[in-house]
Structures are given as structure tokens and as C-alpha cells.
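Inside the fold
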Amino acid sequence: MQPILARGSRTLFYVAACVAVGALLSAALAGRGGLGALRTGVVVVPLAVLYGFVCLSSWYVCTATPLKTTAASVAFGNIGGSTVVAAALWLALGRAFGWAGARVPGLAGADRLFTQEPALLFSAGALMYLFSLAAHYVLMGVDEARAAEQRALESQLAAREAELKTLRAQIEPHFLFNSLNSISALTTTDPVGARRMCSLLGDFLRATLRLGARERIPLAEELAMVQQFFDIERVRFGARLCYEQTAEPGLDRLLVPPLLLQPLAENAVNHGIAQMLDGGTVRLDASRAGDGLRIVVENPFDGDSPRSARRGVGLENVRRRLATEFGGRATLDVNDTDGRFRVTITLPSAT
Amino acid sequence: MSLRTIIVDDEQLARTVVRECLAAHPDVEVVAECANGFEAVKAVAELKPDLVFLDIQMPKLSGFEVLELVGGEVNVIFVTAYDEYALRAFEVHAVDYLLKPFSEERLAEALARARERLAARTPIPVGALVAAARPEGRPLHRVVVRDGSRVHVVPVDRLDYVEAQDDYVCLHTEGKRLLKEQTMAEAEAALDPARFVRIHRSYILNIDRLVRVEPFGKDSRVAILRDGTRLPVSKTGYARLNELL
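Model, not experiment: these values are computed from the prediction. (Residues numbered from 1 in each chain as written. Chains lettered and ligands numbered in written order. Predicted model: local features only at pLDDT ≥ 70, side-chain atom pairs only at ≥ 80, totals over all residues.)

1. So, the nonpolar core
In this structure, Val52, Leu54, Ile77 and Leu205 of chain B are the most contacted members of the largest nonpolar core, which totals 106 residues. Top contributing element to this core by residue count: helix α8 (residues 219-237) of chain A, with eight residues. By size, the runner-up hydrophobic cluster in this structure holds 28 residues, among which are Val21, Val43, Leu47 and Ala110 of chain A. (Core = buried A, V, L, I, M, F, W, Y, C linked by C-beta atoms within 7 Å. Buried ≥ 20, exposed ≤ 12 C-beta atoms within 10 Å, placed from the backbone. Helix = DSSP H or I, 4+ residues; strand = E, 2+ residues; numbered from the N terminus.)

Below you can see the structure in the form of C-alpha cells.
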């Protein structure tokens, strides 16, 4: 798209510049052929505007001669050649206007405006063309820079989307295999329990699919999902696993990213309870923190295990997900000082 | 021929599945169920079963560590929800590798393999078991040692030094000595080379314990440990030590 015609404001400014150049020229040429500045202007200003439109064709030269990639000799040839052509056209147009002007009553002598000092007039035409050419280059550069910025923004946005997609918590597959194995055991020893387990698992999976696809979900639904997860894991671990969940009243409708807590729940089971001979209690607490939300998940851990065994990749994913979704407004802290592994999340709240 | 088996899994329901499926095989007798690795090692030592169904992810002692401790005496079928250990399982000569949840047919297949192996009296290669507890490419974070039916778990940072002793290595940890059936080369390979250094043909030292090295006699040296223990340092050992420090 022609950069000057692309926007009304630019076109208007360009025409105004042409008029101004025409006025200047009129002042310079006044006196020739016995015409005053005003009468000269009647001929020269329309000529300047017309020539301005002729100069818009320098856009083709600009696109054919990108300065970054064209050899200097070629660029010089292209620009020089087109300038000469444009300036010659300027002279010819000037004479035509002068000749036509002289036919109009009161403008007699206009034909002499463009017959003297052709070299000077030619240079003026060349200069005007070169100005127009330079303006085109500058505007094209500006447009390109803007487009590049836009593209960068778009790709940044796409990258963030992609990152969120990969960070979006997914149900750990071994959880499914182990649950199926539990069902397999229950089918003969406790058919009613097996059926209950199937429906628990079905409800949980349905919830993760339904809610996992949303941007934000109410805290109440997130907590209900964590509860369902522990109900299922309790079938597997029996008395070794206890789960306590507390939430300050009035938080239910605060919005959180879906399945944000799932990796923490899985970690608490796999890296905490499952590593202890006698198991223990996982606690989750949700409370208000300033005008945001604080969620604490804590579990006991085997003190003999190496530190690295206490945290899974899940934790790092939650941290990155918080950073991507909330920037610096969310935090994740890990603390394992008093025999309990504690993850504290704070995030800005919205309803 | 009757097949005496032990089922090891920290989940009650998982043990139930195996036991139920085994009920269909009259020649198989379940002599014990164990909820963790310690019980498993004890049961294997005391009951001398033919076959163990062994879970991998268990508290305190993993299935691979149990195998390292008792694998020379018994055939093992791993039962786990994780398929990523399959390769390692066969490297340590497990009879089979069952993925939870498994079918009765699949379990029958595994049993058939076990019977074959027992009938052929294939000796179990102990050497291959030693590296069993070590995850691929990663140094150990704890050493397991069996003492009859008891199991000692020694985190490597509590290990002072390892001493060669005939067919065994002697682990020195906080004043205690534990014998482990292993060669020095195997012990050296299993320990983190950034923290443990072979200072002598017969000694691997935890460098955290080292206070200083003194000359001793003609072109030989001695390492002084924090508790005052003196260990000989060979010429190549000294070079290795310098390289690390």
C-alpha cells in the first residue's frame, strides 16, 4: 500500500506540503512575465500539487530499491534515473501550465514563467522529487518497524499461549493406572466399593476435562476437585492417607486458574505420603491475604530421603504457570523446616 | 513342583490383586505378604521363597534396592504402574515385568517364565544386581546393606569411607562398620565421583571427612580424617585427590 495514500492524515499533510512548496516557488518566480506573486501562484500552486501526485510514483522506485539489500551503484542508478525523468516531466508540465495559463485572461505572460533558466527549474523539480522519495523511504521504514513490532507482540502472545498450554496441569497418568489397579482388586473383594471408585474416578476425570479447558474457575470448584482426587487416593492408600481441607468463608467465588493445585496434591501424595511407612495427613488451607488469596498445601515427608526426592517437576511447573499468568503478582514459597513440606501460593484475586 | 512366593507392595489392594490371581494356580503358595522393603528382605531371608512379586515405588526401600539385597537368592517379578523401569528391570535379570493393572493371562505368562527359570536352575548373576538400585546415570544417594534379615540404609553423606575386605567392601559410617557384598570397582562406580575418591587400592574416601594429607615414609602419604582415622594414600590416589580439590 502506498504509504502516503494509506492514511488520510498523511495524504492531507502531503498535499499541504505541495501547496506550501508551490507558494514558495510562486514567490521566487514572481515578476517573470510581468505577473505578481498572487497571479503566479494561480498557475504554480496547482502545478506543484499535480507534480506532488506525480512524485507519489517514487514509491515504486522505493519498493524496487530497498536500501538495505540493494547495491549502492544500482540504488544510485535507480534513484538518479527516476529523478531525471521526474524533473524533465516537471519542466514539461510547467511549460504546459504556462502555455495554458497565458490563454486565461489576466494571466497573460504566464508562458514565460518556465522558459527562463531551465537548469534552475530542472534542479527545483529534481529536489522536490528527491524530497518526496526521501519521505517515502522514511514512511516505509516507520510502517515496517510498526509491523515488526506488531509481529513480535503477536508471536510473544502466541508463545505465552503455548507455554500456558504446556504448563496447564495434566493428570499424572500413573494416578490412573494405580486407580485402575485398585478397581481391579475391588471387583471381587468389594464390588460396591469398586463401583463407587469407578464413579469417583469418572466424576474427577470429567471435572478435570470440563474445568481444565477454562481460563479461570471459582475456587470452590478447584477445591472440590482436589477433594475428589484425595477421595480416590484414599481408596488406594487406605489408612495411610488422611486429607484435611479448610477454607476461610467467602472465598468460594474467587477465580483461580483451573487445576493449579493438582500438581501440589499429586506431589504431596507421591513425594510425601507414599514415601512414608505409616503415611500421614495432607492439609490444604485457603485464606485471604491482603486483597489476594493464599493457599497452603502441606504434607509430612520422610526425613531420610534426599531433598531432591521431596519435590517433583510439578512444583516448578506451578511456579512457571503462576509467573506466566500473573507476572510478579503471584508467589510460590517452599518450606520444609519442621518436618512438614509446605508450599504456599499467593495470587491476586478476582471474582 | 510347588512355587513358594512372597507378595511385596505398599498398597493393600495391589497385594490383593496378585494374591487373587495366584489363587487360580494350585501349585503356587503365597507364604507372605509384605507392605514394605524391610519386611520383604526379612521374609526372603527367613522363608527362602522361590519367587517374589515386587512393587518398585515403595517407601524407604525401593523395589530395586530390595532386589539388590536379596536378588541373588530369589527370582523376582516386578509389578508396577511405571513402564519406564522395564529396561532396568531386565538388566538386573528380573523374570518379568507386570504393568498395573495386569490381566490374569499376563500373570500366568510371568509365572510360566518363572517356572522355566526355576526348572533350568539358571544361576542368578549377582554382579548385575549390584547396580540395580542406582538410577541410570545418576550417583547413589543412599547405600543399602543387609545384615542377615536386617537392612541398613546409609545416606551417602553419612558414609566416611569404604574399605576393601576380601570379597566384600566394608562401609564405615559414624563409627559403625557394615559389610556389603560388592567389589571396590562397583562401589566406586556407584558413588558420586565429585564427593568420593579412590585414594588407594583398598580405600574410597568421602572428601568431606578429609582434614589433611601428610607425607608418610618414603614417597607415600597418609590421609587424616576428621575423627583422627589415618588412611594410606597411593601415588595415583594422591593425584586423583589433587585433581578433585
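2. Some thoughts on the interface of chain B and chain A
A common measure of how large an interface is: the accessible area buried when the components associate. Opposite the 18 residues of chain B that make contact, chain A presents 21 residues. Every element with two or more residues in the side of chain B that touches chain A is listed here: α1 (12-22) and β7 (150-155) of chain B. Ranked by the residues each element gives to the side of chain B that touches chain A, the list is headed by α1 of chain B, at six residues. When its residues are assigned to classes, the side of chain B that touches chain A shows nine nonpolar, five polar and four charged. (Contact = placed C-beta atoms within 7 Å. Nonpolar A, V, L, I, M, F, W, Y, C, P; charged D, E, K, R; others polar.)

3. Considerations on the sheet that holds strand β13 (residues 210-215) of chain B
Backbone hydrogen bonds hold the strands of a sheet together, and the pairing may be parallel or antiparallel. Residues and elements named next belong to chain B. Read from one edge of the open sheet, three strands run β13-β14-β15, paired in antiparallel fashion. Looking at the sheet topology across the chains shown, the edges are occupied by β13 and β15 (230-233). Adjacent strand axes in the sheet meet at a mean angle of 30°, parallel and antiparallel pairs treated alike. By the bridge criterion, five bridges tie β13 to strand β14 (residues 221-225) in an arrangement that is antiparallel. Considered in β14, the bridge of Glu214 is made with Val222. (Pairing = 2+ DSSP bridges. Axes fitted to C-alpha atoms, helices over the stretch in contact; angles between N-to-C directions.)

4. Remarks on the pairing of strand β4 (residues 75-80) of chain B
Residue and element names in this part refer to chain B. Of all six residues making up β4, six are buried, and the element is well covered by its neighbours. The alternating pattern of β4 places Asn75, Ile77 and Val79 and Val76, Phe78 and Thr80 on opposite faces, both of which are buried. One ladder, built from four bridges, connects strand β3 (residues 51-54) with β4; its direction is parallel. Note on β4: the bridge partner recorded for Phe53 is Ile77. As a crossover connection, the stretch from β3 through helix α3 (residues 63-70) into β4 is right-handed. (Right-handed = clockwise from strand over helix to strand, strands pointing away.)

5. Some details on unusual backbone geometry
Residues and elements named next belong to chain B. The amide bond that connects Lys100 to the next residue, Pro101, takes the cis arrangement and shows omega of -10°. Residue placement: Pro101 occurs in the loop between β5 (96-99) and α5 (104-120). Within the chain, Lys48 stands out as a residue other than glycine whose phi angle is a positive 45°. Within the secondary structure layout, Lys48 lies in the loop between α2 (37-47) and β3. In this structure, Asp166 takes a positive phi of about 50° despite not being glycine. As for its position among the elements, Asp166 is in the loop between β8 (161-165) and β9 (168-173).

6. Things to note about the domain arrangement of chain B
Residue and element names in this part refer to chain B. Once the domains are mapped, chain B shows domain 1 (3-131) and domain 2 (139-244). Between the C-alpha centres of domain 1 and domain 2 the distance comes to 33 Å. Contacts between the two partners involve twelve residues from domain 1 and, on the opposite side, nine residues from domain 2. Within the residue set of the side of domain 1 that touches domain 2, elements represented by two or more residues are α2 and α3. If one sorts the elements of the side of domain 1 that touches domain 2 by residue count, α2 sits on top with five residues. Classifying every residue of the side of domain 1 that touches domain 2 by side-chain character gives seven nonpolar, no polar and five charged. (Domains from an automatic or database assignment.)

7. Some remarks on the domain arrangement of chain A
Along its sequence, chain A is organised into domain 1 (8-162) and domain 2 (168-348). Centre-to-centre, using C-alpha coordinates, domain 1 of chain A lies 70 Å away from domain 2 of chain A.

8. What about the environment of Ala114 of chain B?
All names here are of chain B. Structurally, the position occupied by Ala114 is in helix α5. We classify Ala114 as buried; it has 22 C-beta atoms within 10 Å. Taking the C-alpha atoms as reference, Ala114 lies 7.3 Å from Asn75; in sequence the two are 39 residues apart. Once residues within four sequence positions are removed from consideration, Ala114 is found in contact with Leu3, Leu51, Asn75, Ile77 and Val95.

9. Concerning the pairing of strand β1 (residues 3-8) of chain B
Residue and element names in this part refer to chain B. As paired strands, β1 and strand β2 (residues 28-34) are joined by six bridges and run parallel to one another. From the neighbouring strand, Leu3 faces β2, where its bridge partner is Val28. Direction of pairing for β1 relative to β3: parallel, over a ladder of four bridges. Considered in β3, the bridge of Val8 is made with Leu54.

10. Brief notes about the sheet that holds strand β11 (residues 196-200) of chain B
All names here are of chain B. Read across the open sheet, the five strands follow the order β10-β9-β8-β12-β11; overall the sheet is antiparallel. Bordering the open sheet on either side are β10 (176-181) and β11, each of which pairs with just one other strand. Strand-to-strand twist of the sheet, defined as the mean angle between neighbouring strand axes without regard to direction, takes the value 25°.

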